[in-house]
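# Observations on the three-dimensional arrangement
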Amino acid sequence: MSEFKRPASEAAFSENFSQIKPLMSQTEAYYESSRCLFCYDAPCIKACPTGIDIPLFIRQINSKNELGAAKTIYNSNYFGYACGKVCPTSELCEGACVYTNTDVKPIEIGRLQSFATGKAISSNKKFYAIPKSNGMKVAVIGAGPAGISCACELRQDGFEVDIFEAKENPSGLTVHGVAPYKITNEEALDEMEYLQKQFGYTVHYSKTIDSGNDIRLLEENYAAIFIGIGLGGTSDLKIKGEELENVFGAVEFVQHLRMNHHKIVVPEKVIVLGGGNTAMDAASESARMGASEVILAYRRSKEEKPAYEFEYDLAKEVGVKGIFNVAPMEILGKDGKVAGVKFIRTETINGKPSSIEGSEFIEDCDWVIKATGQSKQIGFLERIEGIQLNANGTIAVNDHFQTSNKKYFAAGDAVSGGEEVVNAVANGTNAAIAIKNYLGVRIP
Ligand SMILES: Cc1cc2nc3c(=O)[nH]c(=O)nc-3n(C[C@H](O)[C@H](O)[C@H](O)COP(=O)(O)OP(=O)(O)OC[C@H]3O[C@@H](n4cnc5c(N)ncnc54)[C@H](O)[C@@H]3O)c2cc1C
Ligand code: SF4
């Protein structure tokens, strides 16, 4: 049972969604940084997709050089602040920290990272001198972690960059998807403002690139085009009852929540269908919004769920109940609204869930949230001549993030099919380096 009251104000919402990685005080940062062993050949660096020199920035924090530490971080990762808060650090840098082999808690690398970069953002410290225009223009489609990182990197060599973003604000799923107890909207958008002021790219908001004409105009006016459009909406389950009122996609629910906070009213009983990280987020968030009962239903066993264990633990801590080896057969309705879900029990045979005959049961509920993966933006991508897609609808790229149409580069979820913010940042940055090479700008 969830113990959260429905938040009726912004203050109550913030309380229910208090930060799981709150910012460190100066004393905490000093103490925590003093524990680092500054390992030779540090495993934490290797575990970070952006390869931040972690022992160096921790040493800089320890010698009270926080801005120097922030520069070390931003040199490798343009989303330094956000990644400190949203990265699954226990699976990446902190999971690799040498202390994990002992009984001692690993260094809190993520919180130290946000501590240092937070100082740079709040003091608006500029680290990079952007050179004069080199006369070449690059278009970026999508202002998510991949697109923004690509733009920052290109600006460092004097490229003019125009970003076209469908939504009204930047950062992609960092502000529209990630759970609000990991990062607040204000924090995510402050870092975006900081980057834009420093790197001086232009963002055209509420501008979806969609039609053949949009694509033609970009091709005529820009030397190269980067695609960082992420994924699409929640995929359909293709079962009866999906069209009922009060059946939502997890991505849509989470986005609505991030934008509207306490104005959303979540009912008494919610069933979340899925076993991935997004399912865990949607369930946790429903509980924190005051639903008294939240059930997470997954068609395979607990051990087979794709979500990280810490994400499941976060959901359980707020009262979410997991039921495993159950597959939804039909969403049941009454007067056009959801009334429950008809499930059948499953067992895993040769790696595949198989239904157990005669084991059907009904679980009543007021809402169903489908966390059944995100679709791909195939319709749009097929409008671009010569771009090949993989069988699963992701964009096919070579080792340099170049697509089969040489003018186009791509990275982030649209290529990977869905990873983490830090991967989109790393790959968006590397794609920019490849664009520089393609356009003949020498990389030092
Ligand atoms: C619910 C949820 C929770 C998550 N939680 C975490 C987490 O805790 N930690 C973590 O590290 N990762 C998390 N992720 C994953 C992470 O958010 C993504 O891997 C990352 O944001 C991908 O970056 P991107 O730039 O490729 O795409 P996105 O962040 O999706 O950004 C794409 C941008 O392109 C825009 N766009 C799309 N199509 C067009 C178009 N045609 N024209 C113009 N603009 C367009 C979109 O509006 C969007 O702003 C989560 C994902 C989801 C769905
Ligand atoms: S592995 Fe741990 S102790 Fe070693 S440098 Fe990295 S953070 Fe410090």
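A brief report on the enclosed structure follows.

Cut-offs and rules
Residue numbers run consecutively from 1 along every chain, following the written order of its sequence. In the order they appear in the text, chains get letters beginning with A and ligands get numbers beginning with 1. Where local features are concerned, this predicted model is filtered to residues with pLDDT of at least 70; where side-chain atom pairs are given and counted, the filter is 80 or more; whole-chain, interface and lining totals use all residues. Each side-chain value is worked out from all heavy atoms of the structure, with water and hydrogens disregarded. Whether a residue is near a molecule or strand depends on its heavy atoms: it is near if one of them lies within 4 Å of it. Each polar contact in these results corresponds to two N or O atoms within 3.5 Å; when the atoms are within protein, one needs to be able to donate a hydrogen and the other to accept it, and residues that are neighboring in sequence are counted only if both atoms are side-chain atoms. Counting from the N terminus, the helices are the DSSP runs of H or I reaching at least four residues and the strands are the DSSP runs of E reaching at least two. Gly falls in the polar group here, along with every residue not listed as nonpolar (Ala, Val, Leu, Ile, Met, Phe, Trp, Tyr, Cys, Pro) or charged (Asp, Glu, Lys, Arg). For Phe, Tyr and Trp, where Trp contributes only its six-membered ring, two rings pair if their centres lie within 6.5 Å, and the inter-plane angle classes them as stacked under 30 degrees, edge-to-face over 60, or tilted in between. Buried residues are those whose accessible area, probed at 1.4 Å on protein chains only, stays under 20% of the maximum for their type, while exposed residues exceed 50% and partly exposed ones sit between those limits. Two strands make a pair as long as DSSP finds a minimum of two bridges between them. Interaxial angle, 0 to 180 degrees, is taken between N-to-C directions of lines fitted to C-alpha atoms, where a helix line uses only the stretch in contact.

## Considerations on the site of ligand 1
What surrounds ligand 1 is a group of 31 residues, the closest being Val86, Glu165, Lys182, Ile209 and Asp413. Interatomic distance of 2.8 Å between a backbone N/O atom of Ile209 and a nitrogen atom of ligand 1. At 3.2 Å, a side-chain N or O of Gln377 approaches a nitrogen atom of ligand 1. Where the shell around ligand 1 is concerned, the elements lending two or more residues are helix H9 (145–155), helix H14 (277–288) and helix H18 (421–438). Looking at the shell around ligand 1 residue by residue, the class counts come to 12 nonpolar, 11 polar and eight charged.

## Section: the site of ligand 2
Surrounding ligand 2, one finds Cys36, Leu37, Phe38, Cys39, Ala42, Pro43, Cys44, Pro55, Cys97, Val98, Ile107 and Ile109. Residues that form the shell around ligand 2 fall into these classes: 12 nonpolar, no polar and no charged.

## Regarding the packing of aromatic side chains
Using the criterion set out here, one finds 13 aromatic pairs in the structure. Note on Tyr78 and Phe199: the rings are 5.5 Å apart at their centroids and 90° apart in plane angle, and the pair reads as edge-to-face. Of the two residues, Tyr78 sits in the loop between helix H5 (66–76) and helix H6 (80–86) while Phe199 sits in helix H11 (residues 185–199), which places them 121 residues apart along the sequence. Taken individually, Tyr78 and Phe199 each receive the classification buried, so the pair is uniform in this respect. Aromatic pair Phe127 and Tyr128: ring centres 6.4 Å apart, planes at 80°, arrangement edge-to-face. When its relative accessible area of 15% is taken as the criterion, Phe127 is described as buried. Joined through ring pairs, the aromatic side chains of Tyr78, Phe127, Tyr128 and Phe199 make up one cluster.

## Looking at the sheet that holds strand E8 (residues 321–323)
What the five strands build is an open sheet, ordered E5-E13-E6-E7-E8; its pairing is parallel. This sheet does not close on itself; its edge strands, each paired only once, are strand E5 (247–249) and E8. Each strand axis lies, on average, 25° off the axis of its neighbour in the sheet, ignoring direction.

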